[in-house]
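# Notes for the structure review
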Amino acid sequence: NLRRQRQMCIRDRLYGIEVLTGYRSEYVDRGFKLANDLIEVQIGTEIALSNDWWIDFGAWYGTETGSGSFDQASAFFGVHYDHDRWRTGLDLTYSSYSDLIFRDGIRIGPYFDWFFGADWRVGAAVENDDGAEGWYGKLEAEWSQPTGDNSFVTVLGGLSATSDFYRESGWNDAFGRLSWTYQINRHVAVTPFAGTSIGLDSGRSDRFFGGLWFEVNF
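Summarised in this report is the structure supplied together with it. (Residues numbered from 1 in each chain as written. Predicted model: local features only at pLDDT ≥ 70, side-chain atom pairs only at ≥ 80, totals over all residues. Heavy atoms only, no water.)

### Digging into unusual backbone geometry
Residues other than glycine seldom take positive phi values, yet Arg-30 does so here, at roughly 55°. Mapped onto the fold, Arg-30 is located in the loop between strand E1 (15-29) and strand E2 (32-48). By relative accessible area, Arg-30 is classed as buried at 7%. (Helix = DSSP H or I, 4+ residues; strand = E, 2+ residues; numbered from the N terminus. Buried < 20%, exposed > 50% of the residue type's maximum accessible area, 1.4 Å probe, protein only.)

Set out below in structure tokens:
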């Protein structure tokens with residue numbers, strides 16, 4: 001989920017705006033491959049309601065290049081509560097697809113992230129997708145470590161499961177991503193990444209992909 005992966009936590013301002021563009025060699029969403037050679041753009045903002053409560057909203061668009069014809073447009077809204085060691089929130093997303101695999105619809109669900117030490121996050125999320133007419137859930141862990149004054153590496157891994165999600169139920173996939181972020185200055189960053197989605201049922205293929213994100217925030 002690009003929105004959560006790139007969500008801002010700007011403690012010295014009442015709001016933040018982020019514009020992100022990127023490329024993915026394969027676009028895999030919740031274990032399903034939807035496109036090759038995807039170009040994406042996202043704009044979002046996060047606003048502090050108090051020291052602990054935040055809202056965020058924005059839009060995302062992705063399109064397949066070359067001979068592909070896939071397009072996806074999404075609008076999102078969320079609210080979350082931040083504590084020193086944990087965060088909880090509720091996300092709402094509407095997505096429209098040109099692809100026949102996924103159907104247009106609203107996704108809504110809660111999540112919980114626990115932070116321990118300076119480097120680790122463990123999270124859980126569940127959502128209902130009315131386009132899929134079912135549920136999707138995941139457990140994940142993330143580790144990050146500085147690699148210099150202006151850069152850091154991040155490793156993410158997790159497991160997902162479904163219930164009546166496009167008529168599928170049970171374990172869905174094991175997923176992972178390795179990324180490296182270089183902060184060009186306080187407003188601009190670039191992140192190359194590589195990831196995988198390994199199917200945990202007989203009908204799901206294993207996927208490996210890479211890409212690049214370019215982020216501007218102010």
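On we go from here.
### Looking at the pairing of strand E7 (residues 120-129)
Only one face of E7 is covered, namely the face carrying Arg-121, Gly-123, Ala-125, Glu-127 and Asp-129; the face carrying Trp-120, Val-122, Ala-124, Val-126 and Asn-128 is uncovered. For strand E6 (residues 105-116) and E7, the ladder comprises eight bridges, and the chain directions are antiparallel. Pairing of Ile-108 across the sheet is with Asn-128, part of E7. Strand direction decides the pairing type here: E7 and strand E8 (residues 134-148), joined by 10 bridges, are antiparallel. (Pairing = 2+ DSSP bridges.)

### Some remarks on the packing of aromatic side chains
Scanning all chains against the criterion turns up 17 aromatic pairs. An aromatic cluster of three or more residues is present, and its members are Phe-32, Tyr-97, Phe-102, Tyr-136, Phe-165 and Tyr-166. (Phe/Tyr/Trp six-rings, centres within 6.5 Å; stacked < 30°, edge-to-face > 60°.)

### Regarding a nonpolar patch on the surface
A cluster of nonpolar side chains, Phe-57, Phe-77, Leu-90, Leu-92, Tyr-94, Ile-106 and Ile-108, forms an exposed patch at the surface whose accessible area comes to about 580 Å². Of all the secondary structure elements, the ones that give two or more residues to the nonpolar patch are strand E5 (86-97) and E6. Element by element, the count of residues in the nonpolar patch is highest for E5, at three residues. Relative to the helices and strands, Ile-106 is located in strand E6. The class for Ile-106 is partly exposed, based on a relative accessible area of 37%. (Patch = residues over 30% accessible without salt bridge, like charges linked within 9 Å, V, L, I, M, F, W, Y side chains within 5 Å. Areas by Shrake-Rupley, 256 points an atom, 1.4 Å probe, with all protein chains shown as cover. Salt bridge = Lys/Arg side-chain N within 4 Å of Asp/Glu carboxyl O.)

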